[in-house]
Amino acid sequence: MRRLRVVFFGTPDIAVATLEALLAGPHEVVGIVSQPDRGRGRGRKRSPSPVSEVALREALPLLRPEKVGDAETVAALDALRPDVGVVVAFGQFIPKRVRELPTEGYLINAHASLLPKYRGAAPIARAILDGEDETGISVMRVEKEMDAGAVALVAKTPVAEDENAAELTTRLAELAASAIGEALDQIAEGTVAWTEQDASKATLAAKIEKHDSVLDLRDPARALVARIHAVSPKPGGAVTLEAEGAEPVLLKISRASSQPATGEGAIPGTLDTSDGTAPLRIATGDGWLVPRVMQRPGGKPLEVADFLRGFEIPDGARLAIVPHPTEDEGDAS
């Protein structure tokens, strides 16, 4: 198998697992392209991206352009003489003159879904939100149309019942590293086979917005659990506690399970602390939502039993019924 010269495009933490795997060989990483240094953390101090930090650590050629298609960057990439490019969460549109610059004539990307489902910005969260029991990584060629390139290979994995978006992201990052390595080996051996996507089956995974975290307690409990895990650990599922004579309090739920309804169902939003199976249950449109981790404003996420020791629920309190805002309403809030 010939040894490929690889240029890597990536920026956040999720891209680091693939980069580290590439650095372990057998192919050669000849250069790295990442977003420019940005303000990060509470102090917004300018600092390198996680991928840039790896490049600096390894003393590899590092490009941090505002626009990857500018003449200076294209010339620098050309000088690296890459055979192929690997893209993982880079964060910029990559023009044709860069996509076709490697000697193989293309870049490859690991997308976190089973394409053509969930093209777009939030495939992991949307898969959890929709209650999918399986997701995975698709290694595809990078084309002008987002996530629409031909696919070389697919690696599948089940979605665990209580897995949140951050946990699944970590697992898929490791799976992407393995899948990219396998695809590069196939390219090097000349055995890679590209399969065009069936565009008629494509779905869009839109970016998660603030309004996606709102829990409409008239929904079934199982759907609410999926929504909570799709938006957790941040921002977490949002509910509003209301009690007579008190200001409403916004609470967050970042881990939950569900119980089926027994007997005559309670009104959605009703709180139950008397059941022996859980410290707190919330009535929904179908069944009980059972919070396992909760957070109040300014507080830390706590197991529900610990949360209730420091947060007394007033007599007669209940959770407000808040319909899902429309997309326009959510963007305006």
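Everything numeric here is computed off the predicted structure, so don't read it as measured data. (Residues numbered from 1 in each chain as written. Predicted model: local features only at pLDDT ≥ 70, side-chain atom pairs only at ≥ 80, totals over all residues. Heavy atoms only, no water.)

**Q** What should I look at first to understand the packing of helix 1 (residues 13-23) against helix 6 (residues 165-189) in this one?
**A** Axis angle and axis distance: for two packed helices, these are the angle between their axes and the distance between the axes, and together they describe the pair. Where helix 1 meets helix 6, the axes come as close as 8 Å, and the angle between the chain directions of the two elements is 35 degrees. Handedness of the helix 1/helix 6 crossing: right-handed. When helix 1 is examined against helix 6, the residues Ile14, Ala17, Thr18, Ala21 and Leu22 are found in contact with a partner set consisting of Thr169, Ala173, Glu174, Ala176, Ala177, Ile180 and Leu184. Split into classes, the residues belonging to the contact of helix 1 with helix 6 amount to nine nonpolar, two polar and one charged. (Axes fitted to C-alpha atoms, helices over the stretch in contact; angles between N-to-C directions. Helix = DSSP H or I, 4+ residues; strand = E, 2+ residues; numbered from the N terminus. Left-handed = near helix turned anticlockwise from the far one by under 90°. Contact = heavy atoms within 4.5 Å. Nonpolar A, V, L, I, M, F, W, Y, C, P; charged D, E, K, R; others polar.)

**Q** Got a minute to help me understand the sheet that holds strand 9 (residues 151-158) in this structure?
**A** The strands making up a sheet associate through hydrogen bonds between their backbones, and the pairing can be parallel or antiparallel. In space, the seven strands of this open sheet follow the order 5-2-1-6-7-8-9, with mixed pairing throughout. Strands at the two margins of the open sheet, each flanked by one partner only, are strand 5 (62-63) and strand 9. Direction of pairing for strand 7 (residues 107-111) relative to strand 8 (residues 134-141): antiparallel, over a ladder of four bridges. Residue pairing for strand 8: Ala110 is matched across the bridge by Val139. Lying over the sheet, helix 1 contacts strand 1 (5-10), strand 2 (28-33) and strand 6 (84-88), oriented at roughly 165 degrees with respect to strand 1. (Pairing = 2+ DSSP bridges.)

**Q** Honestly, the packing of aromatic side chains in this entry has me stumped. Any pointers?
**A** Two measures describe an aromatic ring pair: the distance that separates the ring centres and the angle between the ring planes. All told, the structure shown has three aromatic pairs when counted by the stated rule. When the centroid spacing of 5.7 Å and the interplanar angle of 80 degrees are considered together, the rings of Phe9 and Phe90 count as edge-to-face. Of the two residues, Phe9 sits in strand 1 while Phe90 sits in the loop between strand 6 and helix 4 (96-99), which places them 81 residues apart along the sequence. Note on Phe90: relative accessible area 3%, which makes it buried. The residue whose ring lies beneath Arg141 is Trp194, and the NZ or CZ to ring-centre distance is 5.3 Å. (Phe/Tyr/Trp six-rings, centres within 6.5 Å; stacked < 30°, edge-to-face > 60°. Buried < 20%, exposed > 50% of the residue type's maximum accessible area, 1.4 Å probe, protein only. Lys NZ or Arg CZ within 6 Å of the ring centre and 35° of its normal.)

**Q** I would appreciate a short explanation of unusual backbone geometry in the present structure.
**A** One can expect most non-glycine residues to show negative phi and most peptide bonds to be in trans. Across the junction of Gly25 and Pro26, the peptide omega takes the value 10 degrees, indicating a cis bond. Locating Pro26 in the fold gives a position in the loop between helix 1 and strand 2. For the bond from Ser232 to Pro233, the omega torsion is 10 degrees, close enough to zero to count as cis. Tracing the chain through its elements places Pro233 in the loop between helix 7 (221-230) and strand 10 (237-242). Notably, Arg81 is not glycine yet its phi reads approximately 50 degrees, a positive angle. Relative to the helices and strands, Arg81 is located in the loop between helix 3 (71-80) and strand 6. A relative accessible area of 53% places Arg81 in the exposed class. Phi at Ala89 takes a positive value of approximately 50 degrees, unusual for a residue other than glycine. With respect to the helices and strands, the residue Ala89 is situated in the loop between strand 6 and helix 4.

**Q** I keep staring at the pairing of strand 1 and nothing clicks. Help me out?
**A** Put simply, side chains in a regular strand alternate between the two faces of the sheet. Taking burial as the measure, the six residues of strand 1 include five buried ones, the bulk of the element. For strand 1 and strand 2, the ladder comprises five bridges, and the chain directions are parallel. Counterpart to Phe8 in the pairing with strand 2 is Ile32. With helix 1 bridging strand 1 and the parallel strand 2, this β-α-β connection has right-handed handedness. (Right-handed = clockwise from strand over helix to strand, strands pointing away.)

**Q** I keep staring at the pattern of salt bridges and nothing clicks. Help me out?
**A** Any two side chains of opposite charge can pair, given that their charged atoms come close. Scanning all chains against the criterion turns up 16 salt bridges. For the salt bridge of Glu28 with Arg5, the shortest nitrogen-to-oxygen distance reads 3.7 Å. Of the two residues, Glu28 sits in strand 2 while Arg5 sits in strand 1, which places them 23 residues apart along the sequence. By relative accessible area, which is 30% here, Glu28 ends up partly exposed. For the salt bridge of Arg281 with Asp272, the shortest nitrogen-to-oxygen distance reads 2.9 Å. Judged by relative accessible area, Asp272 falls into the buried class, the value being 12%. Salt bridges sharing common partners tie together Glu20, Arg57 and Glu58. (Salt bridge = Lys/Arg side-chain N within 4 Å of Asp/Glu carboxyl O.)

**Q** Would you mind going over helix 3 with me for this structure?
**A** Note on helix geometry: an α-helix contains 3.6 residues per turn, so any two residues three or four positions apart are oriented the same way. Among the residues of helix 3, those classed as buried are Thr73, Val74, Leu77 and Leu80. Looking straight down helix 3, one finds that the buried residues subtend no more than 115 degrees of arc, so they occupy a single side. Along helix 3, the residues that are exposed and aim more than 90 degrees away from the buried face are Ala71, Glu72 and Ala79. Arg81 sits one or two positions beyond helix 3 and adopts a positive phi of about 50 degrees. (Arc of directions from axis to C-beta.)

**Q** Whenever I open this one, helix 1 confuses me. Can you help?
**A** Along helix 1, the residues that are buried comprise Ala15, Val16, Ala17, Thr18, Leu19 and Leu22. Buried residues along helix 1 sit against strand 1, strand 2, helix 2 (50-58), strand 6 and helix 6. Count one or two residues on from helix 1 and you reach Gly25, which has phi positive near 95 degrees.

**Q** Sorry if this is basic, but what is going on with the environment of Asp198 here?
**A** With respect to the secondary-structure elements, Asp198 resides in the loop between helix 6 and helix 7. The spatial distance from the C-alpha of Asp198 to the C-alpha of Glu182 is 23 Å, given a sequence separation of 16 residues. For Asp198, the side chain forms a polar contact with the side chain of Ser200, separated by 2.6 Å. (Polar contact = N/O pair within 3.5 Å; in protein donor to acceptor, adjacent residues only side chain to side chain.)

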